[in-house]
Amino acid sequence: ETGVTQSPTHLIKTRGQQVTLRCSSQSGHNTVSWYQQALGQGPQFIFQYYREEENGRGNFPPRFSGLQFPNYSSELNVNALELDDSALYLCASSFLGDTLGPDTQYFGPGTRLTVL
Amino acid sequence: LAKTTQPISMDSYEGQEVNITCSHNNIATNDYITWYQQFPSQGPRFIIQGYKTKVTNEVASLFIPADRKSSTLSLPRVSLSDTAVYYCLVVLKAAGNKLTFGGGTRVLVKP
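Calculation rules
Residues numbered from 1 in each chain as written. Chains lettered and ligands numbered in written order. Predicted model: local features only at pLDDT ≥ 70, side-chain atom pairs only at ≥ 80, totals over all residues. Heavy atoms only, no water. Pairing = 2+ DSSP bridges. Helix = DSSP H or I, 4+ residues; strand = E, 2+ residues; numbered from the N terminus. Axes fitted to C-alpha atoms, helices over the stretch in contact; angles between N-to-C directions. Buried < 20%, exposed > 50% of the residue type's maximum accessible area, 1.4 Å probe, protein only. Contact = heavy atoms within 4.5 Å. Buried area = accessible area lost by both parts, 1.4 Å probe. Salt bridge = Lys/Arg side-chain N within 4 Å of Asp/Glu carboxyl O. Polar contact = N/O pair within 3.5 Å; in protein donor to acceptor, adjacent residues only side chain to side chain. Nonpolar A, V, L, I, M, F, W, Y, C, P; charged D, E, K, R; others polar.

J.: Please give an account of the sheet that holds strand S4 (residues 45-50) of chain B that cites residues and values.
T.: All names here are of chain B. As summarised here, the arrangement of the five strands in space is S1-S9-S8-S3-S4, forming an open sheet in which the pairing is mixed. A strand with exactly one partner marks an edge of an open sheet, and here the two such strands are strand S1 (9-13) and S4. In this sheet, adjacent strand axes meet at a mean angle of 25° when their direction is disregarded. Summarising the sheet, strand S3 (residues 31-38) and S4 pair through five bridges and their orientation is antiparallel. Across the sheet, Tyr36 pairs through a bridge with Phe46, a residue of S4.

J.: Account for the pairing of strand S9 (residues 87-94) of chain A, naming residues and giving values.
T.: Every regular strand shows the same layout, with side chains that alternate between the two sheet faces. All names here are of chain A. Across the eight residues of S9, eight count as buried, placing the element largely inside the fold. Burial along S9 is two-sided: the face carrying Ala87, Tyr89, Cys91 and Ser93 and the face carrying Leu88, Leu90, Ala92 and Ser94 are both buried. Where strand S4 (residues 31-37) meets S9, seven bridges bridge the pair, whose relative direction is antiparallel. When the sheet's bridge partners are listed, Ser33 is paired in S9 with Ala92. Alignment of S9 against strand S11 (residues 111-115), held across three bridges, turns out to be antiparallel. Counted as the bridge partner of Ala87 is Leu113 from S11. Two elements, S9 and strand S10 (residues 106-107), share two bridges in a ladder whose sense is antiparallel. In the sheet register, Ser93 faces S10, and the bridge partner there is Tyr106.

J.: So what's going on with the interface of chain A and chain B? Which residues, and what values?
T.: With 24 residues of chain A at the interface, the matching set in chain B holds 22 residues. For the pair chain A and chain B, the summed buried area comes to about 1,800 Å², and 58% of that belongs to carbon and sulfur atoms. Inspection of the chain A/chain B interface yields zero salt bridges. Put simply, chain A and chain B have five residue pairs in polar contact (both at pLDDT 80 or more) between them. If you list the elements that add at least two residues to the side of chain A that touches chain B, you get S4, strand S5 (44-50), S9 and S10 of chain A. The leading source of residues in the side of chain A that touches chain B is S5 of chain A, at three residues. Of the residues in the side of chain A that touches chain B, the class split is 11 nonpolar, 11 polar and two charged.

J.: Account for the environment of Tyr32 of chain B, naming residues and giving values.
T.: With respect to the element layout, Tyr32 of chain B can be found in strand S3. In the structure, Tyr32 of chain B is positioned 59 residues away from Val91 of chain B in sequence and 5.0 Å away in space, judged by C-alpha atoms.

J.: How would you sum up the pattern of salt bridges? Please name residues and give values.
T.: Using the criterion set out here, one finds five salt bridges over all chains in the structure. Measuring nitrogen to oxygen at the nearest pair gives 3.1 Å for the salt bridge that ties Arg57 of chain A to Glu54 of chain A. For Glu54 of chain A, a relative accessible area of 38% gives the class partly exposed. Note that Asp11 of chain B is salt-bridged to Lys110 of chain B, the shortest N-O span being 3.2 Å.

J.: Could you give an account of the sheet that holds strand S6 (residues 61-64) of chain B, naming the residues involved and the relevant values?
T.: One key point about sheets: their strands pair by backbone hydrogen bonds, in either a parallel or an antiparallel sense. Residues and elements named next belong to chain B. Pairing in this open sheet of four strands is antiparallel, and the strands run S2-S7-S6-S5 from one edge to the other. In this open sheet, the two strands that pair with only one neighbour each are strand S2 (18-23) and strand S5 (53-56). Neighbour to neighbour, the strand axes of the sheet diverge by 15° on average, direction disregarded.

These figures capture arrangement, not role.
Spelled out as structure tokens, the structure:
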């Protein structure tokens, strides 16, 4: 177990609705990254949060937004849901410090979102 | 970002050693090589990470030749529970970089 938790486990929404997914990072980590994984594909980077600021973003539209809180937990918000947003949403936490080193990310179990 | 190439799938049998080779011809000086394992509908699980030569932990070994243009993940004596998708990634030695996943290698372990 990595210590990264996500909620809810599963979620069903309809087109046009909004959804909020939550992630608690592993103890000692200060960075949270979000990924979207469609069926049969590898995870795709959405964005990363570090010190409560967005610290990098992938090719996702602005209706995908996020927050990071002082305790390093994070939320992913998706507005105006589309059918193609149906996927497994993964949260990963890591520690970024002053010394250079690989950004080793540890993943949570994911939230399965189904858009009807 | 360095692109990785790995086989789409591999079959093996229980008790055998599985070796998955990943090509990363454009790896940069500050890149690390990282492998993840993923079961269906679960998050990827970190397996091993290395920069050069050989790294070994309790579940796998990672072999990296001197030119670092490829790497081989070695899973000793696999069991049925090792059936999963294995991803090879190149991770920049710097802060705040995204992980770029390819298609991974689907390993099927047969009894």
